[in-house]
Amino acid sequence: MLRIQATANFEHILHAYNAGKKGICLEGSSRSGKTFAACQFWISTLAQKKGRTLTIGRDWRVTLKDTVWVDLLEVLDSFKIRHKINKSDLSVEFGGNLIRCVGILDNIQKFHGLKQDYFFINEAITLPQAVYNQIKQRTGAIGRDSFFILDYNPSEERHWVYNLPLDPTIAFYKSTYKGNPFLSPDIVRQLESYDPANPLNVERGTANLFMHKVYALGQRGADDAVIFRNWDIAEAWPEQFDDERFGLDFGYSHDPAAMVQVRFVGNSVYLKEVFYRSHTSNIDLFRATSATVGEAVVVSDHEKKSIAELRMLGMSVLPAQKGPGSKTLNISRAQNKRLLIHPESVNLIREIQSYKWAKDKLGNFARDGHGRSIPVDGNDHLIDAMLYAINFAYDPTA
């Protein structure tokens, strides 16, 4: 019999499973032991099964590989269970069971097609509800038990995952780092350095109310720097629509050229990534997109030479004026829409997840000379293309 040293998270997962619950939501601070306890539960449970499949998912493969995958292998080694690892697939086999780890947003269509007996979504707060809905309906088989775990730091004030425990068949447990006796003093000091009530933290520049509230106390709170919260994964790409435009952000030697297809349906805006590539000439861009582009392409009016080249090649190009405050205005207009992103638009999803307002060292919003907020520049190529198209729909004379 396995002897397990674990936090209270493990006991609550086990109790929910034995009580016949469909699943459990583990909410809490950073380093409270949620993910490690989930891995302990899955390994100890599968050790008593045969022929079962567990899917573990997180937003991106690169983050999964550095987080939950590491915990999973550590638990396997500590349990001294013979197993076979496939590092390229991020999968593990033991006792006739399969554990596969996937970056959900890297290939969301493939993820939606997976079937399994159990699933575990790590940091579910970073994912749209459509991901949960799709995997839930493909989990379980007649005559077999099924179960799921979602864990997350509550870094939003409102989120679909908070509603799941309202279902009496889904359990809920909240934890903080103070309930994890296995943490090193250095990690505890790091978490407690966020507390803005401590004058030393303020003096050292480590105080951060949002980090303290969410990642130390495990309380619900939103990062006020996030620009777009009004987006989701599109369940289907509309064939009937009110209007259509394409937006294009020209690239440079290192920055990619980025094109987005935009379809307007009522107050909803459907977005599909068409092109995203660096070191691209205008003729290469035209060849790669001409078969897709059926309407005029809206671009920055600063690139007059590129506009002329694309027009000579036969592309209908409309310049969108850029001036003081134009980007802030365009963002505001996009925030008033419901943005639905095609599931294969991986780069657009990545950009929109990380798009934030700039802040100074004291945590105050950076402002331009007119007091307007400034978005962080850099990873916003498809977003700029999207904004050109949406703004043109608002004001075709712009």
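Just so you know, these numbers come straight off a predicted model, no measurement behind them.

### Some words on the sheet that holds strand 3 (residues 84-86)
Part 1: Reading across from one edge, 3-4-5-2-6-7-1-8 is the order of the eight strands in this open sheet, with mixed pairing throughout. In the strand order of this sheet, the two ends are held by strand 3 and strand 8 (170-175), each with one partner. Neighbour to neighbour, the strand axes of the sheet diverge by 15° on average, direction disregarded.
Part 2: Note that strand 2 (residues 53-58) and strand 5 (residues 97-103) share six bridges and pair parallel. Each bridged residue has a counterpart across the sheet, and for Thr55 the counterpart in strand 5 is Arg100.

### A look at the nonpolar core
The nonpolar side chains of soluble globular proteins are, as a tendency, buried together.
Part 1: Core analysis: the biggest nonpolar cluster contains 52 residues, and Leu150, Val161, Phe228, Leu271, Leu339 and Met386 have the highest contact counts within it.
Part 2: Top element by residues in this core is helix 14 (residues 381-394). It accounts for seven residues.
Part 3: When residues no more than four places from it in sequence are discounted, the contact partners of Val161 are Cys25, Ala124, Ile125, Leu150 and Tyr152.
Part 4: Counting residues in hydrophobic clusters, the runner-up holds 34 residues, among them Phe10, Ile81, Val92 and Phe147.

### Considering helix 1 (residues 8-18)
Part 1: Residues of helix 1 that are buried include every one of Asn9, Phe10, Ile13, Ala16 and Tyr17, and no others. The arc that holds the buried residues of helix 1, viewed along the axis, is 130°, so those residues lie on one side. What points out from helix 1, more than 90 degrees from its buried face, is the exposed set His15 and Asn18.
Part 2: Buried-residue contacts for helix 1 involve strand 1 (23-28), helix 2 (34-46), strand 6 (118-122), strand 7 (147-152) and strand 8.
Part 3: Where helix 1 terminates, the next one or two residues include Gly20, which has phi positive at roughly 85°.

### Comments concerning helix 4 (residues 68-79)
Part 1: Here helix 4 spans 17 Å end to end across twelve residues, near enough to the 16 Å set by a 1.5 Å rise per residue.
Part 2: Every buried residue of helix 4 is accounted for by Val68, Trp69, Asp71, Leu72, Val75, Leu76 and Phe79. Across the axial projection of helix 4, the buried residues extend over an arc of 160°, all falling on one side.
Part 3: Looking at the residues trailing helix 4, positive phi occurs at Lys80, about 55°.

### A few points about the pattern of salt bridges
Part 1: For the structure on display, the rule yields 15 salt bridges.
Part 2: Glu27 is paired through a salt bridge with Arg220; the nearest N and O atoms lie 2.9 Å apart. Of this pair, Glu27 sits in strand 1 while Arg220 sits in the loop between helix 9 (209-216) and strand 9 (231-233), and the two are 193 residues apart along the sequence.
Part 3: Overall, the relative accessible area of 1% leaves Glu27 in the buried class.
Part 4: Residue class for Arg220 comes out partly exposed when judged on its relative accessible area of 33%.
Part 5: Of the charged contacts in the structure, one is a salt bridge between Lys359 and Asp224, with a shortest N-O distance of 2.7 Å. Here Lys359, found in the loop between helix 13 (346-354) and helix 14, pairs with Asp224, found in the loop between helix 9 and strand 9; they are 135 residues apart in sequence, far enough to count as distant.
Part 6: One network of salt bridges, with partners in common, ties together Lys49, Arg52 and Asp145.

### What about the sheet that holds strand 15 (residues 338-341)?
Part 1: What the seven strands build is an open sheet, ordered 9-15-12-11-10-13-14; its pairing is mixed. Only two strands of the sheet have a single neighbouring strand rather than two, namely strand 9 and strand 14 (317-320). On average, adjacent strands in this sheet sit at an angle of 30° to one another, irrespective of strand direction.
Part 2: Two elements, strand 12 (residues 268-277) and strand 15, share four bridges in a ladder whose sense is parallel. Bridged to Tyr270 within strand 15 is Leu340.
Part 3: Together, strand 10 (243-249), strand 11 (257-265), strand 12, strand 13 (297-300), strand 14 and strand 15 form the strand contacts of helix 14, whose direction differs from that of strand 11 by roughly 40°.

### Notes on the environment of Pro319
Part 1: By secondary structure assignment, the location of Pro319 is in strand 14.
Part 2: For Pro319, a relative accessible area of 33% translates into the label partly exposed.

Cut-off values and rules
Residues numbered from 1 in each chain as written. Predicted model: local features only at pLDDT ≥ 70, side-chain atom pairs only at ≥ 80, totals over all residues. Heavy atoms only, no water. Pairing = 2+ DSSP bridges. Helix = DSSP H or I, 4+ residues; strand = E, 2+ residues; numbered from the N terminus. Axes fitted to C-alpha atoms, helices over the stretch in contact; angles between N-to-C directions. Core = buried A, V, L, I, M, F, W, Y, C linked by side-chain atoms within 4.5 Å. Buried < 20%, exposed > 50% of the residue type's maximum accessible area, 1.4 Å probe, protein only. Contact = heavy atoms within 4.5 Å. Arc of directions from axis to C-beta. Expected span 1.5 Å × (residues − 1). Salt bridge = Lys/Arg side-chain N within 4 Å of Asp/Glu carboxyl O.

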